[in-house]
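One-letter residues, chain by chain:
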Amino acid sequence: MAKTKSKKQPAYHRILLKISGEALMGEVGYGIDPKVIQRIAGEVKEVAQLGVEVALVVGGGNIFRGLKASASGMDRASGDYMGMLATVMNAIALQDGLEKAGCFTRVMSAIEMREVAEPFIRRRAVRHLEKRRIVIFAAGTGNPYFTTDSAAALRALEIKADVIIKATSVSGIYTADPRQDASATKIEELSYMRVLRDDLKVMDASAVSLCKDNGLPIIVFDMTIPGNIKRVVLGEKIGSIVHAMPDPPAQQPKEKAAKSGRK
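Just so it is clear, the model here is predicted, and its values are computed rather than measured.

Conventions adopted
Residues numbered from 1 in each chain as written. Predicted model: local features only at pLDDT ≥ 70, side-chain atom pairs only at ≥ 80, totals over all residues. Heavy atoms only, no water. Helix = DSSP H or I, 4+ residues; strand = E, 2+ residues; numbered from the N terminus. Buried < 20%, exposed > 50% of the residue type's maximum accessible area, 1.4 Å probe, protein only. Contact = heavy atoms within 4.5 Å. Areas by Shrake-Rupley, 256 points an atom, 1.4 Å probe, with all protein chains shown as cover. Lys, Arg positive; Asp, Glu negative; His and termini not counted. Charge placed at Lys NZ, Arg CZ, Asp CG, Glu CD. Polar contact = N/O pair within 3.5 Å; in protein donor to acceptor, adjacent residues only side chain to side chain. Pairing = 2+ DSSP bridges. Right-handed = clockwise from strand over helix to strand, strands pointing away. Axes fitted to C-alpha atoms, helices over the stretch in contact; angles between N-to-C directions. Salt bridge = Lys/Arg side-chain N within 4 Å of Asp/Glu carboxyl O. pLDDT = per-residue confidence, 0-100.

(A) Inspection of the overall build of the chain at higher detail. Broken down by element type, the chain carries nine helices and eleven strands. The principal-axis extents of the C-alpha atoms in the chain amount to approximately 75 × 70 × 35 Å. In the chain, which comprises 263 residues, the share counted as buried stands at 45%. Counting contacts in the chain only where the partners sit at least 6 residues apart, residues at least 24 apart contribute 70% of the total. When the accessible area of the chain is evaluated, it comes to approximately 14,400 Å², of which 52% is carbon and sulfur surface. Taking the 39 positively charged and 29 negatively charged side chains of the chain as two groups, their mean positions are separated by 6 Å.

Following this line, the structure appears as structure tokens:
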């Protein structure tokens with residue numbers, strides 16, 4: 001009797017997928033590209049069909065960036081609230097795409113707007129996930145001065161996610177921006193402290209510190225390659241991972257090292 005191939009099991013039970021607002025623009029340059037929504041929905045559906053509980057946090061930079069508006073003279077709190085509303089628009093677009101793909105979803109907003117989203121309640125969010133509904137968290141943390149990276153870290157911890165998976169347009173974490181510096185090298189595995197010390201721009205410092213304090217790993221990968229979300233969930237070595245690990249000893253200055261070697 002021929003043996004049947006066993007399906008590869010997912011490496012995680014519950015994940016939080018962080019998607020930037022800019023990723024939703026696709027080729028349109030501003031706003032939301034329906035083709036991108038359709039592709040993301042299809043990939044998230046594949047992950048959910050593996051039995052993985054999926055939550056999402058989406059940014060709003062494709063529509064409005066509070067920090068940029070603040071730099072132009074707008075009150076920072078007002079700009080951040082406008083950015084939060086942009087994330088709600090993106091969340092509704094993702095919900096529409098996912099439901100057209102046949103998924104059951106819930107949008108939960110940190111700013112109450114019952115006509116379009118449920119208010120965020122931690123226990124209710126967990127219950128939705130347990131019922132295999134895809135939960136999309138919108139409006140950041142509901143507070144100005146906090147990014148959607150911080151919202152992703154906070155929500156991931158609240159729902160007891162196994163990992164934050166951050167979708168980007170590059171293949172992982174580099175020593176510098178590979179789009180601007182040809183000498184930048186990829187780092188496949190690194191500690192929270194190195195991210196903070198070297199200011200590697202994986203997520204903002206508040207989000208990384210929150211993950212560090214609670215031992216929540218972060219995987220950064222290239223979402224533009226079809227199938228990568230599923231590959232990450234299946235445990236393939238895609239992108240870069242930030243987690244608890246011994247930090248390498250700092251290198252001594254050459255002069256000091258030379259002196260220490262003298263008899």
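(B) Geometry of helix H5 (residues 148–158). Most of H5 sits inside the fold, with eight of its eleven residues counted as buried. In this fold, the buried residues of H5 make contact with strand S1 (14–19), strand S2 (53–58), helix H3 (76–100), strand S5 (134–138), strand S6 (163–168) and helix H7 (205–214). At the N-terminal boundary of H5, the capping side chain belongs to Thr-147, with an oxygen 3.2 Å from the backbone nitrogen of Asp-149. Within two residues after H5, Lys-160 carries a phi angle of roughly 60°, on the positive side.

(C) Quick peek at the pairing of S1. Of all six residues in S1, six are buried; the element is thus mostly enclosed. Burial along S1 is two-sided: Arg-14, Leu-16 and Lys-18 and Ile-15, Leu-17 and Ile-19, pointing in opposite directions, are all buried. Bridge count between S1 and S2: six bridges; the pairing is parallel. By the bridge assignment for S2, Ile-15 is matched with Val-54. In this fold, S1 hands off to helix H1 (residues 34–48), which returns the chain to S2; that crossover is right-handed. Two elements, S1 and S6, share five bridges in a ladder whose sense is parallel. Residue pairing for S6: Lys-18 is matched across the bridge by Lys-166.

(D) Structural detail: the sheet that holds strand S11 (residues 240–242). If you trace the nine strands from one edge of the open sheet to the other, you get S4-S3-S5-S2-S1-S6-S10-S11-S9, paired in mixed fashion. Each having just a single partner strand, strand S4 (118–119) and strand S9 (189–190) make up the two edges of the open sheet. H3 rests against S2, strand S3 (105–109) and S5 of the sheet, and its axis sits at about 165° to S5. Where H5 meets the sheet, its contacts fall on S1, S2, S5 and S6, and the angle it forms with S1 comes to roughly 175°.

(E) Up close: the side chain of Ser-240. Tracing the chain through its elements places Ser-240 in strand S11. According to the relative accessible area criterion, Ser-240 is buried, its value standing at 1%. In this structure the side chain of Ser-240 is engaged in a polar contact, spanning 2.6 Å, whose partner is the backbone oxygen of Ile-187.

(F) Local environment of the pairing of S2. Of all six residues in S2, six are buried; the element is thus mostly enclosed. Here S2 shows no split at all, with Glu-53, Ala-55 and Val-57 on one side and Val-54, Leu-56 and Val-58 on the other all buried.

(G) Representation of the side chain of Asn-228 within the structure. With respect to the helices, strands and loops of the structure, Asn-228 is situated in helix H8 (residues 228–233). The contacts of Asn-228, once residues within four sequence positions are left out, are Glu-43, Phe-221, Asp-222 and Ile-238.

(H) Region of interest: the pattern of salt bridges. Summed over the entire model, instances satisfying the criterion amount to 15 salt bridges. Where Arg-155 meets Glu-158, a salt bridge forms, and the shortest distance between an N and an O atom there is 2.7 Å. Of this pair, Arg-155 and Glu-158 both sit in helix H5, separated by three residues, roughly a single helical turn. Here the salt bridges do not stand alone but share partners, grouping Arg-14, Glu-53 and Arg-132 into one network.

(I) Main features of the confidence of the model for the chain. Taken as a whole, the chain shows an average pLDDT of 90; of its residues, 91% reach a score of 70 or greater. Counted against residues more than four places away or in other chains, residues 1–6, with its pLDDT under 50, gives zero contacts. Counted against residues more than four places away or in other chains, residues 252–263, with its pLDDT under 50, gives two contacts.

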